[in-house]
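Working through the structure, step by step
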Amino acid sequence: MGNLNLHFTDFFNIDEERLNLHGLFNISLINDFPLFIDPFLLFENGSMEYRTLHNNIIKYIAYLRDRVIAKDLRPGEIEHLFYFPEIKQNWLGYSLFGNSGNGLGKEFSEAMLANLVWAFGNIGSEEISEDSHVEKLCIIKSGAGRDNISDFTANLIKDFLLEVTQNFAINHLDKSKRKIVFVEKAFFNYETERWVSKKYDLPYIFDDFVLLTPKNILTKDENWINSNDLIGKFDEVSKSLPNAQLRDLVNRLYVQNLPAPKKTKRGADKAPSQKDISAAIYRVIEKFPEYLDYYIKYKEDLRIEARRIGDEKVNFSDNVFIKNTRLLVNELKSLTDFYKESDNSHEEAMKRVKFLKQVIENNNGYKLFYVDSKPIKREKDIQVIFRLTWFATKYDVNSEIDNGRGSVDYKISFGKLNSVLVEFKLASNSKLEMNLKNQTKIYESANATKNSIRVIMYFSELEKIKIEKVIRDLKLENDENIVLIDARSDNKASASVHKD
């Protein structure tokens, strides 16, 4: 078995402390980490460099807005100005296998074109919020989610990220581990009104360069300004509107747009659905767009909290995806026969699942899924950890396979007729029973395999009771391909968290 190469520092054989001293995140070069660049953290940071980067983002949006207003955008220019590749070299995002994504193409471009004038009509003359924010694009219309905003931000600060990476590489990496590369669309030249390419001396591996990102602009899950928060904070923000007349109009319109109450079977009024509430709030914003600026001001006023939460989320990722996962894989590697692979995909996948179960239940491996005594409650995080256990394998390990019937977590294959599907679920998942009853057979049919393994993790006695009842009701007690993993901390010898 070769060296344990999971992260940037492993592949480039340097001490992780060097990255830490530069404030850079130690990315995996096996698959993307679910981290995103949050442009609000550029705005929030007190340094002139970061505020300049944020101002430059707004400057480019203002430029695009002015071009849209002038109606002088030709088809070729739309592609050049609005389309951006995913910056896969930063190894951030949703991909659970490798680092390839879709980039910012037609859908994002159409969302930008539709909303630029409406959302950014007051750039440079804000009267309510302190500044404009690119996140407006992802909270008013579909087509621009957090990964899109992260990619868009990364493209607009690309030269900065490349310079930071180049500086680190020149000072800490041998020339044999670097390469002079010509990077397209590195920065925008306002005189020529064209994106310009530039040369950089960068870390180089797998026939491509690597891009490092500062920890203090990263977040996990949601941006500080996001649509879910906009909906969730509606009552709080609407009650704090300084203009009494606007406050009354906003609340009256919101109530008017909620559907008439329906009765439950017991005769009580049925509460509006989350979809109904969201639709009513968006109608308010359409009528009173200044409400959006008040929401953004509310978030600006809490900027210190944005930094605290951002740091907390990045520390979580550092603990789970780097420190704890490295401990797990080191333990796997220390068992000399674990990575001696057979030619049976089902056997290999089950071996990893059962070892994961053994480590979690009997060898303190449950700590892998806890940070600050709180359990991981995202199936995506567990999937990333499982993927890292395949860091050296002859098998094809593909994730999020979608053949038109929904995506499956993993398809492990060794040749066309030798494959297995692996699904990870939390016992707390509200759709778990439906998944066990229907989905896997559909997945097997769509992916032309008769093999599937379903792994269910629980974190409490109540969750255990729930999943055992579901399995009994579905008469699946004897199904060897259903593996339950007890990740409780309250029945183990110690509930401490790996910090080393």
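Use the structure listed above.
What you see is a predicted model, and the numbers here were worked out from it, not measured in a lab.

What counts, and at which threshold
- Residues numbered from 1 in each chain as written.
- Predicted model: local features only at pLDDT ≥ 70, side-chain atom pairs only at ≥ 80, totals over all residues.
- Heavy atoms only, no water.
- Pairing = 2+ DSSP bridges.
- Helix = DSSP H or I, 4+ residues; strand = E, 2+ residues; numbered from the N terminus.
- Salt bridge = Lys/Arg side-chain N within 4 Å of Asp/Glu carboxyl O.
- Buried < 20%, exposed > 50% of the residue type's maximum accessible area, 1.4 Å probe, protein only.

Topic: the sheet that holds strand β3 (residues 194–205)
Ordered in space as β2-β3-β4, the three strands form an open sheet in which the pairing is antiparallel. A single partner strand is all that each edge strand has here, and the edge strands are β2 (178–189) and β4 (208–209). Where β3 lies against β4, two bridges are found, and the strand directions are antiparallel. Note that in β4 the partner of Tyr-204 across the bridge is Phe-209.

Observations concerning the pattern of salt bridges
Inspection of the entire model under this criterion finds 25 salt bridges. Salt-bridge contacts for Arg-178 lead to Asp-201; the nearest nitrogen and oxygen are separated by 3.1 Å. With Arg-178 in strand β2 and Asp-201 in strand β3, this residue pair connects regions lying 23 residues apart in the sequence. A single burial state applies to Arg-178 and to Asp-201, both of which are buried. Here Glu-361 ties to Lys-357 by a salt bridge, and the two come within 2.9 Å at their closest N and O atoms. A residue pair is termed a helical-turn pair when its members lie 3 or 4 positions apart in one helix, as Glu-361 and Lys-357 do in helix α16 (residues 345–362) at four residues. Here Lys-357 falls in the partly exposed class, since its relative accessible area comes to 26%. Taken together, the salt bridges that share partners define one network made up of Arg-67, Asp-72, Arg-74, Glu-77 and Glu-193.

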